[in-house]
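Here is how the chains run, residue by residue.
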Amino acid sequence: MMLTRATTHWPRATCAGLTIAVAVGAAAAGCFSADGGLAPPVDRFYFPTGLAVSPGGQTLYVANSDFDLRYNGGTVQALALSGAGGLTERALCLQGALSGFAPLPGEDEASSASFKAACEGILQGGGVPCGAIGKNPNPVLYPGPCAPLGVEGFIRRSAIIGAFASGAIMVHPPEGQGEGARLFIPVRGDPSISFFEVDDDRSCAANPSACERSVRLDCGADSQGRCGADYRIGENAYESPRALRLPLEPVGIASSPAGSAIVTAHQTQTAASLIVNPWDAKPALTYVLSGLAAGPTEVAGLPVPGLVAACGDAISYQSGFLMTYRAQPVLDLLRYEPDAGSDPPRGYLTRALQLGITVNTSGADSRGVAVDDSERRACESACEAQWEACGEGCSDGRISCMAACTEIPVRFFVANRSPASLIVGKARTVPVPFEGVPPEGTQLCGPQRFTSAYETLEIHDTVPLAYGASRVSIGHIIDKDGLPALRVFAVAFDSRFIFSYDPVGRRIDAIIRTGRGPHAIAFDTFAPPPSVEVQGSVGARAHSFMYVGHFTDSYIGVVDLDARRPETFGSMILTLGQPESPQESQ
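Computed from a prediction, not measured in an experiment: that's the story for all the values here. (Residues numbered from 1 in each chain as written. Predicted model: local features only at pLDDT ≥ 70, side-chain atom pairs only at ≥ 80, totals over all residues. Heavy atoms only, no water.)

*Asks:* How would you explain the pattern of salt bridges if you had to name every residue and give the values?
*Replies:* Side chains that differ in charge, positive against negative, can pair when their charged atoms come close. A complete count under the given rule lists 23 salt bridges for this structure. Notably, a salt bridge pairs Asp-502 with Arg-487, separated by 3.8 Å at the nearest N-O pair. One end of the pair, Asp-502, is in strand β26 (residues 497–502); the other, Arg-487, is in strand β25 (residues 484–492), with 15 residues separating them in the sequence. Assigned by exposure class, Asp-502 and Arg-487 land together as buried. A relative accessible area of 11% places Arg-487 in the buried class. In the salt-bridge network here, residues are joined through shared partners; they are Arg-44, Arg-70 and Glu-580. (Salt bridge = Lys/Arg side-chain N within 4 Å of Asp/Glu carboxyl O. Helix = DSSP H or I, 4+ residues; strand = E, 2+ residues; numbered from the N terminus. Buried < 20%, exposed > 50% of the residue type's maximum accessible area, 1.4 Å probe, protein only.)

Printed below as a string of structure tokens:
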């Protein structure tokens, strides 16, 4: 039988002679084996389901799922974005060529001419917009003006994982609390959460050319490039403090702001798993929360209020995670408790709150979820700047300022299918003061005498989308003034659209046409303040690109998000990798 993925959100996988209907990100569990069979290709994409950009924007990580079990595993690839020969450099030059290298607003002719001259060697096309790669021979299969660009020249590292990877997240430690970053990938074929030690390249943003080096992608790989068992969390119960194994079907995954807690949803198990991630040791599965609603799907971490950081141990607060469900019209708020008082500490999860979804016809079948705390962070940054020079003597003033910032709610966005829409809600933080006379030795925070804080949830809007709403991510465009502007991007897998939603204007401001089966998305945005002088290659110019993993035809599209280039803004300007239509399942 043929594997069909373009016209429906219900592709099929074949396992041991049984044909099993599954949703995207949900193939047959327990039918994958790494023994024997063909090794997966590491020089091309194959059903990409996870994308993540490194903390400093130097590398794009791609998780390929081997969805039809043609090979004996999936792959993870690290692609160069920055520096000479990087993908960002190529995309910027193509963007410039397609707009005739017209000077950007505020850019002088000399800078524009220098940029054009540098791009002539990169595009190798003698002034032709698409350069040496030529025009697009099949715009119906993959949109954009140019033919596909080979991926081989951009791949710096690769590794083999299990089949049916369903996503990817990048986490890094707070400043001064560790070195390096980690990439986590839920793999349903094992099942496990595979992880990689990667570079923390945040220091490279101001001078990308100084950071050109080999890319790190460590997973204890053997001589064949297959990741070691020590990097597959949840397979071995002896490595878990509670002797746990990871339940089946890990799909959505998210982390706490500091990366110390990772939560994943299990769509067939009515469960969520907690992985504790200490930066000085390997992460471990510590808890499985069961008894949830049917069809847990995606997870998003809530930000920790600045008030909590300002109060320290004087205030009680547990990190929160929002979880969506495919089979019931609810949204859950889960809490992570580190349980630091136990020996050894064994963190756990609780379900703190459940919110019914009533703004849609049925409210069921929620998929992606994303959180935006930009307005609150701006308030908290202003508090820090105001009270930084004052020192310890102004701690009460700093806490009062941070408490005022908690009045600004955190926005969250959910892709719902009943009907296809973007649900908009708010998470409000409630600081709790102590009433009466506190017992002797009780720590209280600030003049308001706060003891704890928690969140409440509400839904207040729904925005129509096209059929097949599946993912939601927070990203930025470059606005007409050259500054980053936040947008919410909602993916519609079946309809081949990505919607750009302006949360301030409360409107869809762009609809991006993609190829078949858009799935994972990630962003490469760099817009330094005008006062910051940036050195480096062509790729150091201000830019914003969205990478779109096309599940159906196994390639990545590059979308231009720079509103200063109206000729290309909101369109796919580059196809990375040769599109490959689905083959017969094995």
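So much for the structure itself; the text now carries on.
*Asks:* Quick rundown of the packing of aromatic side chains? Include the residues and the values.
*Replies:* Overall, the coordinates contain 15 aromatic pairs when judged by the stated rule. Measuring from centroid to centroid gives 6.0 Å for Phe-47 and Phe-67, while their planes differ by 50°, and the two rings are tilted. Of this pair, Phe-47 sits in the loop between β2 (18–21) and β3 (48–53) while Phe-67 sits in the loop between β4 (59–64) and β5 (74–80), placing them 20 residues apart in sequence. By relative accessible area, Phe-47 is classed as buried at 2%. Under the relative-accessibility criterion, Phe-67 is labelled buried at 1%. Within the aromatic cluster, the residues linked to one another by ring pairs are Tyr-46, Phe-47, Phe-67, Tyr-71, Phe-164, Phe-493 and Phe-551. Sitting over the ring of Phe-115, Arg-541 keeps its end group 3.8 Å from the ring centre. (Phe/Tyr/Trp six-rings, centres within 6.5 Å; stacked < 30°, edge-to-face > 60°. Lys NZ or Arg CZ within 6 Å of the ring centre and 35° of its normal.)

*Asks:* An account of helix α5 (residues 395–405) is needed here, citing residue identities and associated values.
*Replies:* Ile-399, Cys-401, Met-402, Ala-403 and Cys-405 are the residues of α5 that are buried. The inward-facing, buried residues of α5 contact α3 (306–311), α4 (374–387) and β23 (450–464). (Contact = heavy atoms within 4.5 Å.)

*Asks:* Mind laying out the side chain of Arg-376, listing which residues take part and the relevant values?
*Replies:* Relative to the elements of secondary structure, Arg-376 occurs in helix α4. Only 3.0 Å separates the side chain of Arg-376 from the side chain of Thr-429, close enough to count as a polar contact. Apart from the residues lying within four places of it in its own chain, the contact partners of Arg-376 are Pro-305, Cys-405, Thr-406, Ile-408, Pro-409, Val-410, Ala-427 and Thr-429. (Polar contact = N/O pair within 3.5 Å; in protein donor to acceptor, adjacent residues only side chain to side chain.)

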